[in-house]
Amino acid sequence: MQTTDATVIQNHERLGATPQILASLKAKVGEGAFDSWLKGVSFGAVGATGVAGVFVPTGFMKSWVSKNYKKEILEAMEENGVAASDLRFCVRPASASATAGKPAPAEETAEARPSSLASLCDTAVAAPIGSALDPRFAFEGFVVGKPNEFAVAAAKRLASSPKSPFNPLFFYSGVGLGKTHLMQAIAWEIRRMAPERSVAYLSAEKFMGLFTEALRTRSTGSFKDMFRSVDVLLVDDVQFLIGKGATQEEFFHTFNALIESGSQLVMAADRAPMLLDGIGERLQNRMVGGLVANIDPPNYDLRLNIVRFKQARLGVELPPEVVEFLALRVTSNVRELEGALLRLIAHADLMTEEITVARAEVLLGDVLGGAARRLSLDDIQRKVAEHFKISSDDILSARRDRSVARPRQVAMYLSKHLTSRSLPEIGRRFKKDHTTVIHAVRTIEGLMARDAGLARDVEVLSRQLGGC
Ligand code: ADP
Ligand code: MG
């Protein structure tokens, strides 16, 4: 049955039965999955065609919820006396998302109402300045560790200070390490704690789009006013402005005007300000005039904590060895780690499949890289021997002094975690029996928690062996 966006939008009054439907959904999918995906959903009245609108806060959630929870939503509606024959999933306008989703900021700040209702069901809504914030990107959802603790501390300080403690604040890191998440967490926090302050978050690309549009419609005056009336402006991915002559220049003026009027500016880029070649020296100098906070790639500890945290949030539990496998093997960035976790969960869930390390290795083949999949025990023994400056023969010998026994245990540990070989098989290849392997794995696990040097050795080795 066909329905138009317009029909769905006309019916975007909140259904009276929304709380009951949500309660039924929670009972069906469990609290963890409900909190992660369904809590912020609202429903529209059923239209003449039998189609009901389901409104979700972001594009990403739209695709996930429509793919995974359609059946449950239809059932929950029916149980509560709402007979819909089909659902239409839409990204809710920014102004509506704040009232239903969590965290619930006060409205209406610089993020105003959508200009065109017709785009609601297909894309995140474009407000005049700010973009919709992702409800998952709050401080509560951000796992802190050594590589990001400075950036988090700066973000929290800024969000909780009525006066700018440093201006501008500039975040930089490689992709998928949490810049966007932290910027949006700042925005959520300010809206929660100081709703009277106007906050706008947007990408540099969107800044350029708005500016171009203002030029085209000869409304640069109102463009300037709009930006200059914001208390806290967060601009993401400013590397996009490199080489964008007029936009870059306008950004520079906006930047100066905001700072001079005491407004707070927060920026993020994929590199340090001084490496933003081609963005203009004046702008670069101003960027370093505040606080520059870098986020390092996650270390093993942080990766492990992130996987544990995310699976708990999603209300699932993979076997601990699979969790460790993920943390050891998916080292590049958090986005990829999250993607790998979601993929395993989706398989466990949709295929009711038990996820073992061997299965994870197959399912994540493309993330882990071709070379990594074929990792042999010989490779591991050779690499570990090299790292600890002993010979491969020593590893296979019966020598028990620590300078040889410890590397041997590390090699066994890595064989267990980085490959899907069985314990007896690993034992055979090390000329030991499987109980020795179990003992080695436990010993190294215990030591890694206490001995930072050893943890680093294991981290470096697994990265080299994983080839990622
Ligand atoms: P960037 O903007 O640096 O490219 P994002 O902020 O988009 O990265 O982060 C990518 C994904 O990883 C997001 O889903 C984000 O929630 C998640 N993420 C990154 N760092 C962390 C962290 N420390 N704790 C929890 N999630 C994180
Ligand atoms: Mg980003």
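Residues numbered from 1 in each chain as written. Chains lettered and ligands numbered in written order. Predicted model: local features only at pLDDT ≥ 70, side-chain atom pairs only at ≥ 80, totals over all residues. Heavy atoms only, no water.

Chemist: In this structure, what is going on with the overall build of the protein chain? I would like to understand it.
Modeler: Along the protein chain, the regular secondary structure elements total 24 helices and eight strands. Within the protein chain, counting contacts between residues at least 6 apart in sequence, those at least 24 apart form 72% of the total. Accessible area for the protein chain stands at about 20,800 Å²; split by element, carbon and sulfur atoms hold 52% of it. (Helix = DSSP H or I, 4+ residues; strand = E, 2+ residues; numbered from the N terminus. Contact = heavy atoms within 4.5 Å. Areas by Shrake-Rupley, 256 points an atom, 1.4 Å probe, with all protein chains shown as cover.)

Chemist: Which parts of the structure should I look at to understand the site of ligand 1?
Modeler: Around ligand 1, a shell composed of 19 residues is seen, among which V143, G176, H181, K310 and E338 lie nearest. Measuring from an oxygen atom of ligand 1, one finds a side-chain N or O atom of H181 at 2.6 Å. Considered on its own, ligand 1 offers 560 Å² of accessible surface; in the complex 94% of this is hidden by protein. Among the elements of the structure, α8 (179-193), α13 (300-313) and α15 (334-350) are those that each provide at least two residues to the shell around ligand 1. Partitioning the shell around ligand 1 into residue classes produces seven nonpolar, eight polar and four charged. (Near = heavy atom within 4 Å. Polar contact = N/O pair within 3.5 Å; in protein donor to acceptor, adjacent residues only side chain to side chain. Nonpolar A, V, L, I, M, F, W, Y, C, P; charged D, E, K, R; others polar.)

Chemist: Would you mind going over the packing of aromatic side chains with me for this structure?
Modeler: Taken as a whole, this structure holds six aromatic pairs when the rule is applied. With centroids separated by 5.0 Å and ring planes inclined at 65°, the aromatic side chains of F207 and F227 adopt a geometry described as edge-to-face. Here the residue F207 occupies a position in helix α9 (residues 204-216), and F227 occupies one in helix α10 (residues 220-228), the gap between them amounting to 20 residues. For the pair F207 and F227, a shared accessibility class is recorded, and that class is buried. Ring centres 5.3 Å apart and planes at 85° place the aromatic pair F207 and F251 in the edge-to-face group. Residue F207 is located in helix α9, and its partner F251 is located in helix α11 (residues 245-260); the two are separated by 44 residues in the primary sequence. Exposure class is identical for F207 and F251. Each is buried. Cation over ring: R191 sits above W188, and NZ or CZ is 6.0 Å from the ring centre. (Phe/Tyr/Trp six-rings, centres within 6.5 Å; stacked < 30°, edge-to-face > 60°. Buried < 20%, exposed > 50% of the residue type's maximum accessible area, 1.4 Å probe, protein only. Lys NZ or Arg CZ within 6 Å of the ring centre and 35° of its normal.)

Chemist: Sorry, what's going on with the side chain of N148 here?
Modeler: Along the chain, N148 turns up in the loop between α6 (94-100) and α7 (149-160). Here N148 is in contact with F142, V143, I295 and L302, once residues within four sequence places are set aside.

Chemist: Looking at this structure, how should I read the packing of α9 against α11?
Modeler: Relative orientation and spacing of two packed helices are given, respectively, by the angle between their axes and the distance between those axes. Where α9 meets α11, the axes come as close as 10 Å, and the angle between the chain directions of the two elements is 100°. Taken together, α9 and α11 sit at an angle that is classed as roughly perpendicular. Between α9, through F207, M208 and F211, and α11, the contact on the second element is made entirely by A246, T247, E250, F251 and T254. Taken together, the residues of the contact of α9 with α11 sort by class into five nonpolar, two polar and one charged. (Axes fitted to C-alpha atoms, helices over the stretch in contact; angles between N-to-C directions. Parallel < 35°, antiparallel > 145°, perpendicular 65-115°, else oblique.)

Chemist: What is the right way to look at α15 in this model?
Modeler: Working note: α-helix, 3.6 residues per turn, so residues spaced by three or four point in the same direction. Compared with the 24 Å implied by 1.5 Å per residue over 17 residues, the 24 Å span of α15 between its first and last C-alpha is a close match. All buried positions along α15 are accounted for by V334, L337, A340, L341, L342, L344 and I345. By the N-cap criterion, in which a side-chain oxygen at the helix start approaches the backbone nitrogen of a residue two or three places on, α15 is capped by N333, the distance to R335 being 2.9 Å. Downstream of α15 by a residue or two, T352 has a phi angle that is positive, lying close to 40°. (Expected span 1.5 Å × (residues − 1).)

Chemist: I tried to follow the environment of F207 on my own but got confused; where do I start?
Modeler: The exposure class assigned to F207 is buried, which follows from its relative accessible area of 0%. Once the C-alpha coordinates of F207 and E250 are considered, the two residues, 43 residues apart in sequence, prove to be 9.7 Å apart. Once you skip the residues sitting within four places of it in the chain, F207 turns out to touch L202, F223, F227, T247, E250, F251 and T254.

Chemist: How should helix α2 (residues 18-29) be read in this particular structure?
Modeler: In a regular helix each residue adds 1.5 Å, so 12 residues correspond to 16 Å; α2 covers 16 Å between its end C-alpha atoms and thus fits that length. For α2, the full list of buried residues reads T18, I21, L22, S24, L25 and V29. One side of α2 carries all its buried residues, which in axial view fall inside an arc of 160°. Exposed side chains of α2 directed beyond 90 degrees from the buried face belong to P19 and A27. Buried positions along α2 lie against α3 (31-38), β1 (42-46) and α5 (70-79). Of the residues flanking the end of α2, it is G30, one or two places downstream, whose phi is positive at about 90°. (Arc of directions from axis to C-beta.)

Chemist: Just to check I follow, could you spell out the confidence of the model for the protein chain for this structure?
Modeler: Low pLDDT means the predicted coordinates in that region are not meant to be read closely. Summary statistics for the protein chain give a mean pLDDT of 83 and a share of 86% for residues scoring 70 or more. Segment residues 1-12 is flagged for pLDDT under 50; beyond a separation of four residues in sequence, or across chains, it makes 27 contacts in the model. The model gives residues 95-128 a pLDDT under 50, and that stretch makes 81 contacts with residues more than four places away or in other chains. (pLDDT = per-residue confidence, 0-100.)

Chemist: For this particular structure, what's the right way to read the side chain of S263?
Modeler: When you line up the elements, S263 lands in the loop between α11 and β7 (264-269). Residue S263 is classed as buried on the basis of its relative accessible area of 7%. Reaching out from S263, the side chain makes a polar contact with the side chain of S261 at a distance of 3.5 Å. The residues contacting S263, other than those within four sequence positions of it, are S164, N167, V230, D231 and L258.

Chemist: Hey, could you run me through the pattern of salt bridges in this one?
Modeler: Any two side chains of opposite charge can pair, so long as their charged atoms come close to each other. This structure, assessed with the given rule, holds 24 salt bridges. Residue K310 is joined to E338 by a salt bridge in which the shortest nitrogen-to-oxygen separation is 2.7 Å. Highlighted residues: K310 in helix α13 and E338 in helix α15, separated in sequence by 28 residues. Put simply, K28, K71, E75 and E79 are held in one network by salt bridges that share partners. (Salt bridge = Lys/Arg side-chain N within 4 Å of Asp/Glu carboxyl O.)

Chemist: What am I meant to see in the sheet that holds β1 here?
Modeler: Spatially, the three strands line up as an open sheet ordered β1-β2-β3, and their pairing is mixed. Looking at strand neighbours, the two that pair on one side only are β1 and β3 (86-91), the edges of this open sheet. Between one strand axis and the next, the sheet turns through 25° on average, direction left out of account. By the bridge criterion, six bridges tie strand β2 (residues 51-56) to β3 in an arrangement that is parallel. Bridge assignment links G53 to a residue of β3, and that residue is R88. Sitting on the sheet, α5 touches β1, β2 and β3, and the angle it makes with β3 is about 115°. (Pairing = 2+ DSSP bridges.)

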